[in-house]
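Geometric and topological summary
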Amino acid sequence: QVQLVESGGGLVQAGESLRLSCKVSGLSSNSMGWYRQAPGKQRELVAQKIKSTSGADFIKYADSVKGRFTIFRDDATNTVFLQMNRLKPEDSGVYYCNYGGPSSPYWGQGTQVTVAS
């Protein structure tokens with residue numbers, strides 16, 4: 001059974017940090033991404049990490065989070081993390097982890113991140 005279980009959201013002040021976790025069961029975590037959706041807006045890609053057939057990682061970040069967010073993976077626990085530093089109010093939204101891209105059926109349940117100014 002495929003499960004993506006997220007944790008780590010919450011309410012923080014601008015400039016603070018949060019770390020989101022996504023525990024993956026039933027799938028390898030080789031192709032993972034984090035998306036977010038703010039009220040009234042479309043879901044957008046925040047960060048993506050894909051392991052190529054050569055073993056090298058391909059990593060992509062939204063321009064708005066480059067230098068502040070880091071996606072990384074713990075292969076031992078099949079968990080993907082999103083470290084979010086220097087958070088801004090515009091980072092607020094529901095964050096979803098995803099396996100296999102936006103057209104994939106594999107999504108976490110979402111975790112709320114609220115950044116107060």
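Residues numbered from 1 in each chain as written. Predicted model: local features only at pLDDT ≥ 70, side-chain atom pairs only at ≥ 80, totals over all residues. Heavy atoms only, no water.

The tally for this structure, following the rule as stated, stands at 1 disulfide. Note that cysteine 22 is cross-linked by a disulfide to cysteine 97, the S-S spacing being 2.1 Å. On the sign convention where negative means left-handed, the S-S torsion of about 55° between cysteine 22 and cysteine 97 marks this disulfide as right-handed. Of this pair, cysteine 22 sits in strand E3 (residues 18-25) while cysteine 97 sits in strand E9 (residues 93-99), and the two are 75 residues apart along the sequence. You can call cysteine 97 buried: its relative accessible area is 0%. (Disulfide = S-S within 2.5 Å. Helix = DSSP H or I, 4+ residues; strand = E, 2+ residues; numbered from the N terminus. Buried < 20%, exposed > 50% of the residue type's maximum accessible area, 1.4 Å probe, protein only.)

Moving on, we get to the packing of aromatic side chains. Counted according to the given criterion, the structure contains 4 aromatic pairs. Taking 6.0 Å as the distance between ring centres and 65° as the angle between the ring planes, the aromatic pair formed by tyrosine 99 and tyrosine 106 counts as edge-to-face. You can call tyrosine 106 partly exposed: its relative accessible area is 31%. Taken together through their ring pairs, the aromatic side chains of Tyr35, Tyr96 and Trp107 make up a single cluster. If you follow arginine 43 out to its NZ or CZ, it ends over the ring of tyrosine 96, 3.8 Å from the centre. We note arginine 43 situated over the ring of tryptophan 107; from NZ or CZ to the ring centre the distance is 4.6 Å. (Phe/Tyr/Trp six-rings, centres within 6.5 Å; stacked < 30°, edge-to-face > 60°. Lys NZ or Arg CZ within 6 Å of the ring centre and 35° of its normal.)

With respect to burial, E9 is a largely interior element, 5 of its 7 residues being buried. In this structure, strand E4 (residues 31-37) lies alongside E9, joined through 6 bridges in antiparallel fashion. If you follow arginine 36 over to E9, its bridge partner there is tyrosine 95. Bridge count for E9 against strand E11 (residues 111-116) is 3 bridges, and the pairing is antiparallel. Each residue of the ladder has a partner; that of tyrosine 95, found in E11, is threonine 111. Bridge analysis of E9 against strand E10 (residues 106-107) gives 2 bridges, and the strand direction is antiparallel. (Pairing = 2+ DSSP bridges.)

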